[in-house]
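Chain and residue survey
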Amino acid sequence: MIKYIGSKRALLPWIVETIETIRRLEKAQSVVDLFSGSARVGHALKARGFQVTANDVNTYAFVLAQALVEADARVYPQGRIARILHELMQVAPAPGWFTRVYCEEARYFQPNNGARIEAIREAIEAHADDPLLKAILLTSLILAADKVDSTTGVQMAYLKRWAPRAYNPLRLEYPPLLAGRGQAFLGDALEMAGKLEADIFYLDPPYNQHSYLGNYHVWETLVRWDHPQTYGVAQKRMDVQERKSPFNSKREAKDAMIAVLSQIKAHHVVVSFNDEGFFSAEEIEWMLKEWGYVVRLTRPHQRYVGARIGIYNPQGEKVGRISHTENHEFLFVATHSQKVHRAFLEQPEVLAISQPTLL
Ligand SMILES: C[S@@+](CC[C@H](N)C(=O)[O-])C[C@H]1O[C@@H](n2cnc3c(N)ncnc32)[C@H](O)[C@@H]1O
């Protein structure tokens, strides 16, 4: 999976176990992941046999979900896809617009890898008549490009000196597709929340002002292949300035969250959040009160790498102080089911529960 800020990599077993607990007690089988991002959570749930629907507002996230959640590995088996990937690996490098903008004007990839990414991306268009196949090939390309990029995991900036991995040759691999069909949607959560149906909704919205489109604009361009106008040192797409999410605005996020929750018809809702976002835990519990039973599960978590390494000036001297290296991650379980609520209250050895709230 790609490097993704707010990705639930470390918290995945906890999230999956929480959703499994609901299934065990209430035979809940279907899950909507409304802010799917890297598609990691949807993929893990699909692997456990859930019927998964993933949605995100950004096109690269939709493509990842098409491959990792929607596509059926039995229809796109490794042998068939590996043959196409092998052909794509033979395509001659073609330095052009992408290489100039992202490897010379900005430095996200070494130019030789950029020219290969560019040529492979062009060649993938030949498969446009099969959208899922195209998404699988694009996912393979994003995963490969992510392994040879020269960033700290966000595309707001690139490293001053090339990351050692940027010198590795680009290598396309079969993405970890799973057997069975899921669904992927490209939409605004505010519009999709009322249209999608499932037993359980999993919500992992942005927590702060940092725009995902701004942080992953190169993936958006690679997927859309629309050669946008770019700006600034980071060469972001111009539309980063217009395509804003209310979840990235301190002023708008609360109303947006309330509007999303008011449309959800599911019996159970699981919300990821932490203690550094726009809302306090109490505010989220209040927003979930319609479900009747709400528990808050809490885990300590290592903060992002920048906070752990420290802050340095261009001369390499340590400056400033890091306030803390750990935060608390929350999972809120809101449910109509008293049985589910009780189960969480009775399992403190499995899941640390703080302040269970019966509203
Ligand atoms: C915290 S991330 C989700 C991370 C994901 N759970 C993972 O493990 O990779 C939040 C996601 O919400 C998406 N997003 C932001 N605003 C949105 C909106 N209005 N509707 C749907 N998705 C949105 C972002 O593109 C981003 O992928």
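As shown above, the structure is provided for reference.
Every chain begins its residue count from 1, and numbering advances along the sequence as written. Since the coordinates come from a predicted model, pLDDT governs what is reported: local features require at least 70, and pairs of side-chain atoms require 80 or more to be given and counted, while whole-chain, interface and lining totals use all residues. Note that water and hydrogens are dropped before the side-chain values are worked out from all heavy atoms of the structure.

Comments concerning the overall build of the protein
- The number of helices and strands found in the protein is 14 helices and 10 strands.
- Each residue is placed in one exposure class: buried if its accessible area under a 1.4 Å probe, protein chains only, is under 20% of its type's maximum, exposed if it is over 50%, and partly exposed if it falls in between. Residue burial in the protein is summarised as follows: out of 359 residues, 56% are buried.
- The contact definition used throughout considers only heavy atoms, calling two residues in contact when any of these lie within 4.5 Å. The contacts of the protein with a sequence gap of at least 6 include a subset with a gap of at least 24, amounting to 76%.
- Each accessible area value is a Shrake-Rupley result obtained with a 1.4 Å probe; residue values ignore everything except the protein chains displayed when judging cover. Accessible surface, the protein: about 16,200 Å² in total, of which carbon and sulfur atoms supply 52%. Helix and strand definitions follow DSSP, with helices as H or I runs of at least four residues and strands as E runs of at least two, each counted in order from the N terminus.

Some remarks on the pattern of salt bridges
- Salt bridges are counted wherever a side-chain nitrogen of Lys or Arg sits within 4 Å of a carboxyl oxygen of Asp or Glu. One pass over the full model with this rule turns up 23 salt bridges.
- Among the charged side chains, a network of salt bridges with common partners joins E220, R224, D226, R237, D239 and R243.

Some thoughts on the pairing of strand β2 (residues 51–56)
- Extensive coverage of β2 is indicated by the burial of five of its six residues.
- As defined by bridge partners, strand β1 (residues 30–33) adjoins β2 across four bridges and the pair is classed as parallel. Paired with D33 across the strands is A54, a residue of β2.
- With helix α2 (residues 40–47) bridging β1 and its parallel neighbour β2, the resulting β-α-β unit is right-handed.
- By the bridge criterion, four bridges tie β2 to strand β3 (residues 183–186) in an arrangement that is parallel. Across the sheet, the residue bridging to A54 is A184, located in β3. What makes two strands pair is DSSP finding at least two bridges between them. The handedness rule is simple: strands pointing away from the viewer, and a clockwise path from the first strand over the helix to the second, make the crossover right-handed.

Here's the deal with the site of the ligand
- Summary of the distance rule: residues count as near a molecule or strand when at least one heavy atom falls within 4 Å of that molecule or strand. Among the 22 residues in the neighbourhood of the ligand, the closest are listed as Y4, S38, D56, D204 and S245.
- Polar contact criterion, stated in full: a pair of N or O atoms within 3.5 Å, where within protein one must be able to donate a hydrogen and the other to accept it, and residues adjacent in sequence count only if both atoms are side-chain atoms. Backbone polar atom of V57 to a nitrogen atom of the ligand: 3.3 Å apart, as the coordinates give it.
- Out of a free accessible area of 600 Å², the ligand has 99% covered by protein chains.
- Ten residue types, Ala, Val, Leu, Ile, Met, Phe, Trp, Tyr, Cys and Pro, are classed as nonpolar, four, Asp, Glu, Lys and Arg, as charged, and the remainder, Gly among them, as polar. Considering only residue class, the shell around the ligand consists of 10 nonpolar, eight polar and four charged.

Overview of helix α7 (residues 131–147)
- How far a helix is expected to stretch is found by multiplying one less than its residue total by 1.5 Å. Between the first and last C-alpha of α7 there are 24 Å, a value that for 17 residues agrees with the 24 Å anticipated at 1.5 Å per step.
- Counting buried positions along α7 gives 15 out of 17 residues, so the element sits mostly inside the fold.

Some points on the pairing of β1
- Neither face of β1 is exposed, since S30 and V32 on one face and V31 and D33 on the opposite face are all buried.
- Here three bridges tie β1 to strand β4 (residues 200–203), and the two strands are oriented parallel to one another. Of the residues in β4, the one forming a bridge with V32 is F201.

A few points about the side chain of D146
- You can see D146 is positioned in helix α7.
- For D146, a relative accessible area of 7% gives the class buried.
- Look past the residues within four positions of D146 in its chain and what remains in contact with it is M1, I2, K3, R165 and W219.

Considering the nonpolar core
- Here, nonpolar core refers to any group of buried Ala, Val, Leu, Ile, Met, Phe, Trp, Tyr and Cys residues whose side-chain atoms link them within 4.5 Å. In terms of nonpolar packing, the biggest core is built from 80 residues, with I19, F98, F109 and W219 touching the most fellow members.
- The element contributing the most residues to this core is α7, with 11 residues.
- Of all hydrophobic cores here, the second largest spans 33 residues; its members include A198, A253, M287 and L288.

What about the packing of helix α6 (residues 111–124) against α7?
- With their axes 10 Å apart at the nearest point, α6 and α7 run at an angle of 170° to one another. Our classification of the angle between α6 and α7 gives roughly antiparallel. Listed contacts from α7 to I117, I120, R121 and I124 of α6 are K134, L137, L138, L141 and A145.
- For the contact of α6 with α7, the residue count by class is seven nonpolar, no polar and two charged. Lines fitted to C-alpha atoms define the axes, with helix axes restricted to the stretch in contact, and inter-axis angles between N-to-C directions lie between 0 and 180 degrees. Oblique is the label for every angle not falling under 35 degrees (roughly parallel), over 145 degrees (roughly antiparallel), or within 65 to 115 degrees (roughly perpendicular).

A word on the packing of helix α1 (residues 12–26) against α2
- Packing of α1 against α2 brings their axes to within 10 Å, and their N-to-C directions diverge by 50°. One way to sum up the angle between α1 and α2 is to call them oblique. Judged by the twist between their axes, the crossing of α1 over α2 is right-handed. Counting all contacts with α1, which are made through L12, I15, V16 and I19, the residues of α2 involved are R40, V41, A44 and L45.
- Across the contact of α1 with α2, the residue classes tally to seven nonpolar, no polar and one charged. Left-handed is the label given to a crossing in which the near helix is rotated counterclockwise from the far helix by less than a right angle, and right-handed is the label when the rotation is clockwise.

What about the environment of A82?
- By secondary structure assignment, the location of A82 is in helix α4 (residues 78–90).
- By relative accessible area, A82 is classed as partly exposed at 35%.

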